[in-house]
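Commentary on secondary and tertiary structure
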Amino acid sequence: MSVPHLLYDHLAQLSQAIPNPDPVAPPGSGAIEQVVGYVRWIAGLSILGLFFGGIVAATAGRLWDHHGSGRLGARMIVGSLALALLFGLGYTLVSQFAASTA
């Protein structure tokens with residue numbers, strides 16, 4: 001037998017012997033998931049606060065004829081709706097990207 005054939009046979013045996021273990025979560029990953037859950041809860045509450053704050057600002061601006069406050073309130077409402085859309089789509093997009101790379 002030639003040397004390349006011996007090397008190929010040896011490499012083929014080595015590649016069959018390499019184990020492929022399942023992924024295991026590192027210690028403390030539960031605490032990290034809990035912190036991420038807190039951050040998501042705070043983000044959702046902030047979006048709601050921005051939306052209702054925008055309603056209050058827009059209403060006050062219209063009632064007391066203060067155009068700056070009315071415009072700011074309208075921007076706050078639109079911004080909160082855009083953030084809510086991104087917040088809702090965020091998990092789906094990240095999961096889709098993670099699944100496509102694996």
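In what follows, the structure referred to is the one given above.
This report concerns the structure included in the present document. Along each chain, numbering runs from 1 in the same order as the chain's sequence is written. Side-chain atom pairs in this predicted model are given and counted only at pLDDT of 80 or more, local residue features only at pLDDT of at least 70, and totals for whole chains, interfaces and linings cover all residues. Only heavy atoms go into the side-chain values, all of them from the structure, while hydrogens and water stay out.

1. Section: the overall build of the protein
Basically, it comes down to this: Helix and strand labels come from DSSP, where a helix needs a run of H or I of at least four residues and a strand needs a run of E of at least two; each type is numbered from the N terminus. A simple rule labels every residue: compare its accessible area, found with a 1.4 Å probe on the protein chains alone, to the largest value its type can have, and call it buried under 20%, exposed over 50%, or partly exposed in between. Surface exposure here means Shrake-Rupley accessible area, sampled with a 1.4 Å probe, where a residue is shielded only by the protein chains that are shown.
Assigned secondary structure in the protein consists of 3 helices and 0 strands. Along its sequence from the N terminus, the protein presents helices and strands in the succession α-α-α. Relative to its full complement of 102 residues, the protein shows a buried share of 11%. Accessible surface for the protein amounts to roughly 8,600 Å². Of this, 72% is attributable to carbon and sulfur atoms.

2. Re helix α2 (residues 29-63)
Definition in use: Residue count minus one, scaled by 1.5 Å, sets the expected span of a helix.
Here α2 is 35 residues long and its end C-alpha atoms lie 51 Å apart, about the 51 Å a rise of 1.5 Å per residue gives. Turning to α2, its buried residues number three or more, namely Ser 29, Gly 44, Ile 47, Gly 54, Ala 57, Ala 58 and Gly 61. Asp 65 lies just past α2 and shows a positive phi near 55 degrees.

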